[in-house]
Structure formats: C-alpha cells, structure tokens
Amino acid sequence: MLSYRHSYHAGNHADVLKHCVLSLCLESLKEKDKPFLYLDTHSGAGRYLLQSEHSAKTGEYLSGIAKVWEQPQIPEILSSYLSVLKYYNRSETLKYYPGSPLIAKQLLRPQDKLQLTEIHSSDYPLLRQEFSKDDRAQVSRADGFLQLKSKLPPESRRGLILIDPSYEIKDDYQKIPDELKEGYKRFATGTYLIWYPVVNRRQTQGMIDGIINTGIKRILQIELAIRPDNNQKGMTASGMIVVNPPWKLKQQMQEILPWLKNILDPQDMGHILVKELVSE
Ligand code: SAM
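Residues numbered from 1 in each chain as written. Predicted model: local features only at pLDDT ≥ 70, side-chain atom pairs only at ≥ 80, totals over all residues. Heavy atoms only, no water.

Chemist: So what exactly am I meant to see when it comes to the nonpolar core here?
Modeler: Within soluble globular proteins, side chains that are nonpolar tend to cluster in buried spots. Grouped together as the largest cluster of nonpolar side chains are 87 residues, with contacts concentrated most on Leu26, Tyr38, Ile65 and Met253. When residues of this core are assigned to their parent elements, the largest contribution, 10 residues, is made by helix 1 (residues 13-29). (Core = buried A, V, L, I, M, F, W, Y, C linked by side-chain atoms within 4.5 Å. Buried < 20%, exposed > 50% of the residue type's maximum accessible area, 1.4 Å probe, protein only. Helix = DSSP H or I, 4+ residues; strand = E, 2+ residues; numbered from the N terminus.)

Chemist: Quick question: what am I supposed to make of the packing of helix 1 against helix 5 (residues 100-107) here?
Modeler: In a packed pair of helices, the relevant descriptors are the angle between the two axes and the axis-to-axis distance. As a packed pair, helix 1 and helix 5 sit with axes 11 Å apart at the nearest point and diverge in direction by 25°. As far as their axial angle goes, helix 5 and helix 1 are roughly parallel. Taken as a pair, helix 1 and helix 5 cross one another with a handedness that is right-handed. For the pair helix 1 and helix 5, contact is made by His19, Leu22, Ser23, Leu26 and Glu27 and by Ser100, Ile103, Ala104 and Leu107, respectively. Classifying every residue of the contact of helix 1 with helix 5 by side-chain character gives five nonpolar, three polar and one charged. (Axes fitted to C-alpha atoms, helices over the stretch in contact; angles between N-to-C directions. Parallel < 35°, antiparallel > 145°, perpendicular 65-115°, else oblique. Left-handed = near helix turned anticlockwise from the far one by under 90°. Contact = heavy atoms within 4.5 Å. Nonpolar A, V, L, I, M, F, W, Y, C, P; charged D, E, K, R; others polar.)

Chemist: How should the packing of aromatic side chains be read in this particular structure?
Modeler: Here the distance between the centres and the angle between the planes together describe a pair of aromatic rings. Scanning all chains against the criterion turns up four aromatic pairs. Ring geometry for Tyr184 versus Tyr192: centroids 6.4 Å apart, planes at 50°, classification tilted. Counting every residue linked through ring pairs, the aromatic cluster contains Tyr167, Tyr173 and Trp195. Above the ring of Tyr87, the side-chain terminus of Arg90 is found at 4.4 Å from the ring centroid. Lying over the aromatic face of Phe131, Lys105 brings its terminal NZ or CZ to 5.0 Å of the ring centre. (Phe/Tyr/Trp six-rings, centres within 6.5 Å; stacked < 30°, edge-to-face > 60°. Lys NZ or Arg CZ within 6 Å of the ring centre and 35° of its normal.)

Chemist: Please clarify how the pattern of salt bridges should be interpreted in this entry.
Modeler: Side-chain pairing between opposite charges can occur once the charged atoms of the two side chains come close. Summed over the entire model, instances satisfying the criterion amount to 18 salt bridges. For Glu31, the salt bridge goes to Lys248, with nearest N and O atoms at 2.4 Å. Placement of Glu31 in the loop between helix 1 and strand 1 (37-40) and of Lys248 in the loop between strand 9 (237-243) and helix 10 (249-264) is noted, with a sequence separation of 217 residues between them. As a salt-bridge pair, Glu130 and Arg47 come within 2.8 Å of each other at their nearest N and O atoms. Of the two residues, Glu130 sits in helix 6 (residues 123-130) while Arg47 sits in strand 2 (residues 47-49), which places them 83 residues apart along the sequence. One continuous salt-bridge network, built from bridges that share partners, spans Asp15, Lys18 and Asp164. (Salt bridge = Lys/Arg side-chain N within 4 Å of Asp/Glu carboxyl O.)

Chemist: Could you clarify how one ought to interpret the site of the ligand in this entry?
Modeler: Of all residues adjacent to the ligand, which total 21 residues, the nearest are His19, His42, Glu118, Gly144 and Asp164. Contacts to the ligand include Ile119, whose backbone N or O atom sits 3.4 Å from a nitrogen atom. (Near = heavy atom within 4 Å. Polar contact = N/O pair within 3.5 Å; in protein donor to acceptor, adjacent residues only side chain to side chain.)

Chemist: Please explain the pairing of strand 7 (residues 191-198) as it appears in this structure.
Modeler: It is a general feature of regular strands that their side chains alternate between the two faces of the sheet. Of all eight residues in strand 7, eight are buried; the element is thus mostly enclosed. Because side chains alternate across strand 7, one face comprises the buried residues Thr191, Leu193, Trp195 and Pro197, and the other comprises Tyr192, Ile194, Tyr196 and Val198, equally buried. Relative to strand 9, strand 7 runs antiparallel, the two sharing seven bridges. Each bridged residue has a counterpart across the sheet, and for Tyr192 the counterpart in strand 9 is Val243. (Pairing = 2+ DSSP bridges.)

Chemist: In this structure, what is going on with the sheet that holds strand 5 (residues 137-140)? I would like to understand it.
Modeler: Each strand in a sheet pairs with its neighbour through backbone hydrogen bonds, running either in the same direction (parallel) or in the opposite one (antiparallel). Strand order in the open sheet formed by eight strands is 5-4-1-6-7-9-8-10, with mixed pairing between adjacent strands. Edge positions in the open sheet fall to strand 5 and strand 10 (271-278), since each of these has one partner strand only. Averaged over all adjacent pairs, the angle separating strand axes in this sheet is 15°, with direction ignored. Bridge analysis of strand 8 (residues 219-225) against strand 9 gives seven bridges, and the strand direction is antiparallel. Residue pairing for strand 9: Glu223 is matched across the bridge by Gly239. Contacts from helix 9 (residues 201-212) reach strand 7, strand 8, strand 9 and strand 10 within the one sheet, and its direction differs from that of strand 7 by about 160°.

Chemist: Just to check I follow, could you spell out the packing of helix 1 against helix 10 for this structure?
Modeler: It is at 11 Å that the axes of helix 1 and helix 10 come closest, and there the two elements cross at 155°. As judged from the angle between their axes, helix 1 and helix 10 are roughly antiparallel. Crossing geometry of helix 1 relative to helix 10 is assigned as right-handed. Contacts between helix 1 and helix 10 involve His13, Val16, Leu17, Cys20, Val21, Leu24 and Cys25 from the first element and Leu249, Gln252, Met253, Ile256, Leu257, Leu260 and Leu264 from the second.

In structure tokens:
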C-alpha cells in the first residue's frame, strides 16, 4: 500500500524546478505545428489546494512557489509557468497549485494528446475528474512505468515524457535506468524528463550513473540544492535528468537558475548545476 500523497509537498522548491523545466520543454515542442504526446507516468492528483490540511502540515509551498508568487518582477523565461499559475489563481491570493498534468492541460494545443497514469486510489479519481471534459486526455489507473512500453512510440512520433515517481519504493532508483531504456528503445527521438530527489547522495548518484551507462546520448542534468548534502532525513536538493533536451534548455536554465536559487535558497547554503552528462 502506497502512502505517499503529493498534496503534502505540492509547490515546494522541487516542484518549482520540475515545473519550470517542464513548461520550457512544452513550449519548445510547440514551436512546430505538428502534434505531440505528453506522457506523464506518475501524475498525482493534478490540482492541490494550498490551504488544505496536508499542505498546512508541512508548509513546504511557503518556501517554494509562495516565494516566487510574491516577487514583483518575474523573468520572462518563467512566463509560461506563471501563466498556468495565474489561470488557476484568478485573484492575488495563491490558493491552488497546478501539478504536472494541469500544467500540460493548460499549455497543450487542441491537436496534442495527454496520456496520464496514477496508481493511488485516492488521487486517481481526482485526476480523472480534472480531465473528464478533455478529449485530448486518456487517464488510467495503472503502473506508470508500464506505459513506457505500451504507449511508445506515439502516433505523432513527437513526444515529451515525464517520469516523476515518489521514490517511496527504494527500488525506483534501480528501476529507472532500465525503464528509461525500454522507452528509449521504442522512441529514441522523444524528450524524457526524469525528476530526482537528493536525500541520500550516493543513492541518487547510483541512479544517475545507471542512466549514463544505458548508452543513451544527449543527456542534460539540472539541479537546485537548498542545503548542502547531509546524512539527516529530508530532501536537500532535487534535479531533472533530460534526455534529448530542446536546444534552448541549457541556456534557459543557466539564465534562470541563479534567480530561482536566490529566492528559494535565501541563506545561500545550496548550489545550482547545469551539466551535459552525455553529449551527441
Ligand atoms: N507528477 C506530479 C506533479 O508534478 O504534479 C507529481 C507526482 S508525485 C511525485 C508521484 C505520484 O506517483 C504519486 O501520486 C504516487 O501515488 C504515484 N505513483 C507511485 N507509484 C506509481 C506507479 N507505479 N505508477 C503510477 N503512479 C505511481
């Protein structure tokens, strides 16, 4: 029985980084009229009420999206992400945080498709409800990793795949390189985004080494730490591994990460990283 609920963590610093990268990649795919598939293997509930009991218990969004929201000036690079936040928050108050499926729902065009998977018995119905009137979307209660075999390649031969597990099952760290390889074997031209937490650096690095050892080319790593690595409980950093990154992404992240770090790590204890792990 899985106990992880994203509602405790929605809008934290890791979501800000993840969804900033996601929005930029979606915008890049939209530069061509041809349709594409957005495949989200671990979708969550979609929408998160920031005044909920779960959010209040951790208060994580207060040092995440709330800090960005209160900035008087937000850089142009974040305009697409911000447009989605504004769509779900019509007043000045930040009430809802849109998760990855709702970001895609808002940014995708009529010709694009969404394939969303969530396994949790409480979050799946919430997600399905969000998309009940959206013909572009297929929402399944299934193992997200299996979608990398059954839904790829997409009919349109263009696609963005977000792999965003909770890492509640420690096996996920070992599984991801193999699962990614399965997807890539079927669809080598897709853009793959793999989110990772840093709780135990060795465990995270083991997974990243596993991804490098798949032999897949064109891999970018993006990381934002708000604290130095340590042996205590809790996430000190998070990052995204991007396979086949859009050509602008590296430069966009080099530009925006210092701004984000300033806001999300005001005591300047962490670090940022944009690194080509494997080139052409
Ligand atoms: N992608 C979401 C976002 O950015 O808003 C957050 C997803 S959350 C980090 C991970 C989700 O994966 C949880 O809702 C959890 O219930 C779900 N999950 C865990 N194992 C899964 C599996 N094997 N297949 C599909 N979903 C799974």
